[in-house]
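The lines below spell out each chain.
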Amino acid sequence: MTTHTALIVDDEPDIRDLLEITLSRMGITTLTAPDITCAKKLLGEHKPQLCLTDMNLPDGNGIELVQWIQQNTPSTPVAVITAYGNMDTAIESLKAGAFDFVSKPVELPRLRELVNSALKLSEPAPESESGPDEPGLLLGQSSEIKRLRNQVRKLARSQAPVFISGESGSGKELVARMIHIQGPRRDKPFIAVNCGAIPSELMESEFFGHKKGSFTGAVDNKDGLFRSADGGTLFLDEVADLPLAMQVKLLRAIQEKAVRPVGDTKEVPVDIRVLSATHKDLPNLVQEGEFRQDLFYRINVIELAVPALRDRPDDINLLSGHILERIAREYECEPASLTREAIERLKGYEFPGNVRELENILERAFTLCDADLIGPEDLHLGNCPAPSGLAPAGSTAFSAEHEALAAPEGEIDLENYLETIERQAIEKALEATRWNKTAAAKRLGISFRALRYRLKKLGME
Ligand SMILES: Nc1ncnc2c1ncn2[C@@H]1O[C@H](COP(=O)(O)OP(=O)(O)OP(=O)(O)O)[C@@H](O)[C@H]1O
């Protein structure tokens, strides 16, 4: 069994003793230093697996030591002990590179959690992520994406809240997942929640859970997202869409590291790392009073910007290759490839919907191209690209055979309505051709692959 060593830096002998006893009981060898000078010496000599430092030391402050460690012994995770309620210092230390903080008076269960997280950081990362620039899920070879991967790897070691900014579909959720799976919480849940998709009246119960019978419809106890993510990471996507009333409650839960389920009188402690994202301009929403400054300050300890796809056109070829391979696996056929002209066309395209739009464009092109080669015309990159799954302008042969359909009166669900028409048209064509798919596709004026794609999408296989 490997023994771990921790360095405790505090000028008060009583606190040093308390921390030493707690850590020793966890099987950890301890070193102690009363000041920064002594701490630096011990760090250099012993390279401990954890450093725990007080803020006020006789020859400087804890943040200086955090900064020194980032420069000189960056493999040692350092946590600071802050005065109770001093959030500013805690945030400053996280920004300086501390992986976590604990406030005074030190609660022992919280200290143990922190120590366990720190020790996990010294365990080797899983094989696939151990290379110096192993792409993992975040593909790309442009300098922008390499820099992002590097930042992700560093931030994975910290417990600091990270705010991920970037355009829609640029990969914010993927970045959040990468931070989680490369960090010490990787064995615990990663829970992503789209804050804009929860009805406001259900929000509190969705986030914090509820007790059975606390309101009509609460037929059972419910944990809620915070408790489901306990020990792991909660990713608040589209955080700008949180109503103001909920922002207050969220801030409280994050600060107190505890939640009170609806209908309960007691608070339940939770240990989660909060990551958040939005494609909206959050600082601007703060200025306009639509997002609380205190919550913004709390979740935006470190900001990570995901570059737009148009700003890294050199990644388009690589990403396209991976996407086409994935699609081919899904449809169990050979992957298609792009002609040189198609790649150039993609490189010059704006991609307002970023990587997600590239996925949609390629999926559509794949189903519509006849050979396994996608040319620029198969991409259908007009000024306004059609969303995935909708037929392009050329595939109206079937409806041309028929009289124009009368649009229904009043409110309709357009998606469902179109799907019904599509299903009926395909069924008719299949019946007319005795379920010969090649003939049915011809009759519908679409490629064989496009028919297969639609059958799969509509669950008609
Ligand atoms: N660098 C990348 N390598 C591989 N796949 C990527 C990359 N970036 C994004 N993707 C893929 O693009 C799609 C959109 O990514 P993701 O959902 O993370 O974007 P987002 O910024 O969170 O979107 P939204 O703003 O809509 O929430 C996903 O399928 C994701 O796997």
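Use the structure listed above.
Residues numbered from 1 in each chain as written. Predicted model: local features only at pLDDT ≥ 70, side-chain atom pairs only at ≥ 80, totals over all residues. Heavy atoms only, no water.

Engineer: Lay out the site of the ligand with the relevant residues and their values.
Structural biologist: Taken together, 17 residues are adjacent to the ligand, and Leu139, Lys172, Glu173, Arg356 and Glu359 come closest. Within the side chain of Lys172, a nitrogen or oxygen atom sits 2.7 Å from an oxygen atom of the ligand. In this structure, an oxygen atom belonging to the ligand sits 3.0 Å away from a main-chain N or O atom of Glu173. Protein coverage of the free-state accessible area of the ligand, which is 630 Å², stands at 83%. (Near = heavy atom within 4 Å. Polar contact = N/O pair within 3.5 Å; in protein donor to acceptor, adjacent residues only side chain to side chain. Areas by Shrake-Rupley, 256 points an atom, 1.4 Å probe, with all protein chains shown as cover.)

Engineer: Describe the packing of helix 15 (residues 354-368) against helix 20 (residues 448-457), naming the residues involved and giving the relevant values.
Structural biologist: Between helix 15 and helix 20, whose axes approach to 6 Å, the crossing angle comes to 125°. Put simply, helix 15 runs oblique to helix 20. Packed against helix 15, whose contacting residues are Glu363, Phe366, Thr367 and Leu368, the element helix 20 presents Arg449, Ala450 and Tyr453 at the interface. Residue composition of the contact of helix 15 with helix 20, grouped by class: four nonpolar, one polar and two charged. (Axes fitted to C-alpha atoms, helices over the stretch in contact; angles between N-to-C directions. Helix = DSSP H or I, 4+ residues; strand = E, 2+ residues; numbered from the N terminus. Parallel < 35°, antiparallel > 145°, perpendicular 65-115°, else oblique. Contact = heavy atoms within 4.5 Å. Nonpolar A, V, L, I, M, F, W, Y, C, P; charged D, E, K, R; others polar.)

Engineer: For the sheet that holds strand 14 (residues 302-305), give the residues involved together with the corresponding values.
Structural biologist: The strand order 9-10-13-8-14 describes an open sheet built from five strands, whose pairing is parallel. Both outer strands of the open sheet, strand 9 (190-194) and strand 14, are each paired with one neighbouring strand and no more. Adjacent strand axes in the sheet meet at a mean angle of 20°, parallel and antiparallel pairs treated alike. Bridge count between strand 8 (residues 162-165) and strand 14: four bridges; the pairing is parallel. From the neighbouring strand, Ser165 faces strand 14, where its bridge partner is Ala305. (Pairing = 2+ DSSP bridges.)

Engineer: Residue-level account of unusual backbone geometry, with values.
Structural biologist: The omega angle of the peptide bond from Lys104 to Pro105 is -10°, so this bond is cis rather than trans. Summarising the element assignment, Pro105 is placed in the loop between strand 7 (100-103) and helix 5 (108-121). A positive phi angle is found at His380, which is not glycine, with a value near 50°. Overall, His380 belongs to the partly exposed group, its relative accessible area being 34%. (Buried < 20%, exposed > 50% of the residue type's maximum accessible area, 1.4 Å probe, protein only.)

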